[in-house]
Amino acid sequence: MSESTIASTPSLWERRKIEAMSRIQRVALELFDEHGYREVTVERVAGAAGVSPSSIYRYFGTKEMLVLYDETDPQALEVMRTVGGGQTRDFVELLAIARPLVPVVLDEIVTDDVEYRTRVRLGYVRSIPEVKSRQTEQWRALENEFRIAFAELTGRDANDLKLRMAAAICIWSCMAALDHWEGTGFAARLRDVYAEAVEAILVSLEALFR
């Protein structure tokens, strides 16, 4: 792999897991839309999806995560971990390698189906208090995963202040982008909203590590 390319395709196991979780989420969202979030149990979702309740808990952990799961998160992490061919590099150098890959990656992972489910999911975040509360925990956990990945990529200490700031910028800027998207009535394509947000994130990170 060259320094300017990235292995964005996950492993076969990871791809099958993402496909299974996405399929189960689609079933769950359809049931929630038809019968109401509180009226649908995990067991009912499992039956409709053709899996066991234990499989749903193993994949998602909680009923709230049936709504909140976002398949682009593990895909983005996988892409990020391969930037620079696995060599430890300066953060600014990694950003320079990553920038031209952003459009390709967004085209690959922000599909029409992802955009549709994201719109539906945001409605439940807004209307179901326990889902909204769980979302904050989810994003904090993702922020931590990004921070650890940044440490591995750069060789910096995982507690480095700038790495913590970089992870926070990435995660909470994306949340701001989703809030903006919803606030416009989903006027633009999600891929385009993310593209604008990622460009702003890259500019901010370049300034942070300059």
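Before reading on, note that the structure itself is shown above.
Structure report, in brief.

What follows concerns the packing of helix H10 (residues 161–183) against helix H11 (residues 190–209). The N-to-C vectors of H10 and H11 enclose an angle of 155°; their axes lie 9 Å apart at closest approach. It follows from the interaxial angle that H10 and H11 lie roughly antiparallel. Regarding H10 and H11, the two cross each other, and that crossing is right-handed. Between H10 and H11, the contacting residues are Lys162, Leu163, Met165, Ala166, Ile169, Cys170, Ser173, Cys174, Ala177, Leu178, His180 and Trp181 on the first element and Leu190, Val193, Tyr194, Ala197, Ile201, Ser204, Leu205, Leu208 and Phe209 on the second. Looking at the contact of H10 with H11 residue by residue, the class counts come to 17 nonpolar, three polar and one charged.

With the rule as written, the count across this model stands at zero disulfides. Distance from the sulfur of Cys174, which forms no disulfide, to the nearest cysteine sulfur (Cys170) is 7.0 Å.

In this section: the side chain of Arg89. Within the secondary structure, Arg89 is located in the loop between helix H5 (72–81) and helix H6 (91–98). What makes Arg89 buried here is its relative accessible area of 6%. Engagement of the side chain of Arg89 in a polar contact is seen with the side chain of Glu93, the distance being 2.8 Å.

Here we come to the pattern of salt bridges. Under the criterion given, the structure shown has 17 salt bridges. Across the salt bridge formed by Arg38 and Glu130, the nearest N and O atoms sit 2.4 Å from each other. Residue Arg38 is located in the loop between helix H1 (12–35) and helix H2 (42–49), and its partner Glu130 is located in helix H9 (residues 129–154); the two are separated by 92 residues in the primary sequence. Here Arg189 ties to Asp112 by a salt bridge, and the two come within 2.5 Å at their closest N and O atoms. Note that Arg189 is positioned in the loop between H10 and H11 and Asp112 in helix H8 (residues 112–127), a separation of 77 residues in sequence. You can call Asp112 exposed: its relative accessible area is 56%. Each of the salt bridges in this network shares a partner with another, and the network as a whole consists of Arg26, Glu71, Asp113 and Arg117.

Turning our attention to the nonpolar core. Residues Met80, Phe91, Phe146, Phe150, Ala166, Leu178 and Leu205 are the most contacted members of the largest nonpolar core, which totals 41 residues. Broken down by secondary-structure element, the contributors of at least two residues to this core are H5, H6, helix H7 (102–109), H9, H10 and H11. It is H11 that provides the largest number of residues to this core, a total of ten residues. Those residues within four positions of Leu205 in sequence are excluded, and the remaining contacts are Phe91, Leu95, Ala166, Ile169 and Cys170.

This part is about the environment of Val51. Tracing the sequence through the fold places Val51 in the loop between H2 and helix H3 (53–60). Among residues more than four places away in sequence, those in contact with Val51 are Arg23, Ile24, Ala46 and Ile56.

On to unusual backbone geometry. Here the phi dihedral of Phe186 falls at roughly 60°; this positive angle occurs in a residue that is not glycine. With respect to the secondary-structure elements, Phe186 resides in the loop between H10 and H11.

Another aspect to go through is the packing of aromatic side chains. If you walk through the whole model with that rule in mind, you get ten aromatic pairs. Arranged with centres 5.1 Å apart and planes meeting at 70°, the rings of Phe91 and Phe150 form a pair that is edge-to-face. One end of the pair, Phe91, is in helix H6; the other, Phe150, is in helix H9, with 59 residues separating them in the sequence. Each member of the pair Phe91 and Phe150 is classed as buried. Between Trp139 and Trp172, the aromatic rings sit 6.2 Å apart at their centres with planes inclined by 35°, giving tilted as the arrangement. Here Trp139, found in helix H9, pairs with Trp172, found in helix H10; they are 33 residues apart in sequence, far enough to count as distant. Given a relative accessible area of 10%, Trp139 falls into the buried group. In this structure Trp172 comes out as partly exposed when scored by relative accessible area, which is 30%.

Let's shift gears to the packing of H1 against H3. Following both chains from N to C, one finds H1 and H3 inclined at 115°, their axes separated by 11 Å at the closest point. In terms of their interaxial angle, H1 and H3 are classed as roughly perpendicular. With respect to the hand of their crossing, H1 and H3 are arranged in left-handed fashion. In contact with Lys17, Ala20, Met21, Ile24 and Gln25 of H1, H3 contributes Ile56, Tyr59 and Phe60. Looking at the contact of H1 with H3 residue by residue, the class counts come to six nonpolar, one polar and one charged.

Analysis parameters
Numbers given for residues are sequential positions, taken from 1 along each chain in its written order. Where totals are concerned, whole chains, interfaces and linings use all residues; where local detail is concerned, this predicted model gives features only for residues with pLDDT of at least 70, and gives and counts side-chain atom pairs only at 80 or more. In computing side-chain values, all of the structure's heavy atoms are included and hydrogens and water are not. The convention used is that axes are lines fitted to C-alpha atoms, helices contributing only their stretch in contact, and that angles between N-to-C directions extend from 0 to 180 degrees. Here a strand is any run of E in DSSP of at least two residues, a helix any run of H or I of at least four, and the numbering for each starts at the N terminus. For classification purposes, angles smaller than 35 degrees are called roughly parallel, those larger than 145 roughly antiparallel, those between 65 and 115 roughly perpendicular, and all remaining angles oblique. Helix crossings get a hand from a simple test, with the near helix turned counterclockwise from the far one by less than a right angle marking a left-handed crossing and a clockwise turn marking a right-handed one. Should any heavy atoms of two residues lie within 4.5 Å, those residues are considered in contact. The nonpolar class holds Ala, Val, Leu, Ile, Met, Phe, Trp, Tyr, Cys and Pro. Asp, Glu, Lys and Arg form the charged class, and all remaining residues, Gly among them, are polar. Two cysteine sulfurs form a disulfide in these notes if their separation is within 2.5 Å. Using a 1.4 Å probe on the protein chains alone, a residue whose accessible area is under 20% of its type maximum counts as buried, one over 50% counts as exposed, and one in between counts as partly exposed. Between N or O atoms, a polar contact is any pair within 3.5 Å; within protein, one atom must be a potential hydrogen donor and the other a potential acceptor, and residues adjacent in sequence are included only when both atoms are from side chains. Just to be clear on terms, a salt bridge is a Lys or Arg side-chain nitrogen sitting within 4 Å of an Asp or Glu carboxyl oxygen. What we call a nonpolar core is a set of buried Ala, Val, Leu, Ile, Met, Phe, Trp, Tyr and Cys residues that are connected through their side-chain atoms within 4.5 Å. Ring pairs are drawn from Phe, Tyr and Trp, using the six-membered ring of Trp, whenever the two centres fall within 6.5 Å, and their geometry is named by plane angle: stacked under 30 degrees, edge-to-face over 60, tilted for the rest.

Honestly, it's all geometry; don't read function into it.
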